[in-house]
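What follows is each chain in one-letter form.
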Amino acid sequence: DQAVAGQSVTLSLTDEVDCSRGDLIADARQPSEPVSRIEASLVWMSDEKLVPHRSYWLKVGAQTVSANIDTVDAIIDVNTLASGSGQPLGLNDIGKVEIDLDRAIPAVRYEQNRKLGGFILIDKISHATVAAGLIEGFPSNPVNPSARQSSAGSISWVTGSKRTAWA
């Protein structure tokens, strides 16, 4: 009936559901809508500047998806906290960006859940971590514009090797 961090758990589902490690279980009354685009704050940690539209791995929770930074909306001056015009991010730059994902994943804002709202970007060639980010929002989804409007509810991210499902 109850588990705490560090314990292994097994979930038995009533229905047969296709799911795997990293899938999200959400309250059925307030499900987490999967998204394929996120707005984020990003700290660039690579000597090589960000290349817009280049494909990176985005790792959030136990999921890794292919992603590209579509736009750099602003760069934050760390001394004044003023926003400057968007440009490619360089080493230690902090920027506001929009990221396209190759497939929809359940995601939450960092302010709602620090573990599920933070992510890293990994270079696909060198496998080096090039950036760390915080999910701040979800641009409107042209297919379902009302998606992601509700911030209430409770979710769990299952990171073990046991099979899980979205509820």
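Our subject is the structure that appears above.
Only a predicted model underlies this, so the values are computations on that prediction, with no experimental measurement involved.

*Asks:* How should the nonpolar core be read in this particular structure?
*Replies:* With 26 residues, the main nonpolar core has Leu42, Trp44, Leu58, Ile69, Ile99, Phe119 and Leu121 as its most contacted residues. Counting residues per element, the ones that place at least two in this core are β2 (34-44), β3 (55-60), β4 (63-76), β6 (94-106), β7 (118-123) and β8 (129-137). Not counting chain neighbours up to four residues away, the residues in contact with Ile69 comprise Leu42, Trp44, Leu50, Pro52, His53, Arg54, Val97, Glu98, Ile99 and Leu121.

*Asks:* Can you help me understand the side chain of Ser46 in this one?
*Replies:* Looking at the element boundaries, Ser46 is found in the loop between β2 and β3. Here the side chain of Ser46 touches Glu48 through a polar contact of 3.1 Å, landing on its backbone nitrogen. Excluding residues within four positions of it along the chain, Ser46 makes contact with Gly90, Leu91 and Val130.

*Asks:* Before we go on, may I ask you to explain the packing of aromatic side chains in this structure?
*Replies:* The geometry of two aromatic rings is summed up by the distance between their centres and the angle between their planes. One pass over the structure, following the stated rule, counts 1 aromatic pair. Ring geometry for Trp44 against Tyr56: centres 5.9 Å apart, planes inclined by 80 degrees, an arrangement best described as edge-to-face. A residue pair is termed long-range when its members are at least 10 positions apart, and Trp44 in strand β2 and Tyr56 in strand β3 qualify at 12 residues. Assessed through its relative accessible area of 1%, Trp44 is described here as buried. Its guanidinium or amino end placed over the ring of Trp57, Lys124 lies 4.3 Å from that ring's centre, counting from NZ or CZ.

*Asks:* Whenever I open this one, unusual backbone geometry confuses me. Can you help?
*Replies:* Of all residues except glycine, most have a negative phi; of all peptide bonds, most are trans. Despite not being glycine, His53 shows a phi value in the positive range, around 70 degrees. Note that His53 resides in the loop between β2 and β3.

*Asks:* Can you help me understand the pattern of salt bridges in this one?
*Replies:* Side-chain pairs of opposite charge can arise where the charged atoms are in close proximity. Counted by the stated rule, this structure contains 6 salt bridges. Close ionic contact of Arg37 with Asp70 constitutes a salt bridge, the shortest N to O distance being 2.8 Å. Here Arg37, found in strand β2, pairs with Asp70, found in strand β4; they are 33 residues apart in sequence, far enough to count as distant. Since its relative accessible area comes to 22%, Asp70 is described here as partly exposed. Residues Glu48 and Arg54 are paired through a salt bridge, measuring 2.7 Å at the closest nitrogen-oxygen approach. By sharing partners, the salt bridges in this structure join Arg37, Asp70, Glu98 and Asp100 into a single network.

*Asks:* For this particular structure, what's the right way to read the pairing of β3?
*Replies:* The alternating pattern of β3 places Tyr56, Leu58 and Val60 on a buried face, while none of Ser55, Trp57 and Lys59, on the opposite face, is buried. Bridge analysis of β3 against β4 gives 6 bridges, and the strand direction is antiparallel. Within the sheet, the bridge partner assigned to Val60 lies in β4 and is Gln63. When β3 meets β7, the two strands line up antiparallel, connected through 4 bridges. Its bridge partner being in β7, Lys59 is matched across the sheet by Ile120.

*Asks:* Can you help me understand the environment of Glu111 in this one?
*Replies:* Along the polypeptide, Glu111 turns up in the loop between β6 and α1 (114-117). Spatially, the C-alpha atom of Glu111 lies 9.9 Å from that of Gly137, the residues being 26 residues apart in sequence.

Criteria and thresholds
- Residues numbered from 1 in each chain as written.
- Predicted model: local features only at pLDDT ≥ 70, side-chain atom pairs only at ≥ 80, totals over all residues.
- Heavy atoms only, no water.
- Core = buried A, V, L, I, M, F, W, Y, C linked by side-chain atoms within 4.5 Å.
- Buried < 20%, exposed > 50% of the residue type's maximum accessible area, 1.4 Å probe, protein only.
- Helix = DSSP H or I, 4+ residues; strand = E, 2+ residues; numbered from the N terminus.
- Contact = heavy atoms within 4.5 Å.
- Polar contact = N/O pair within 3.5 Å; in protein donor to acceptor, adjacent residues only side chain to side chain.
- Phe/Tyr/Trp six-rings, centres within 6.5 Å; stacked < 30°, edge-to-face > 60°.
- Lys NZ or Arg CZ within 6 Å of the ring centre and 35° of its normal.
- Salt bridge = Lys/Arg side-chain N within 4 Å of Asp/Glu carboxyl O.
- Pairing = 2+ DSSP bridges.

From the geometry alone we can't say anything about function, so treat these as descriptive.
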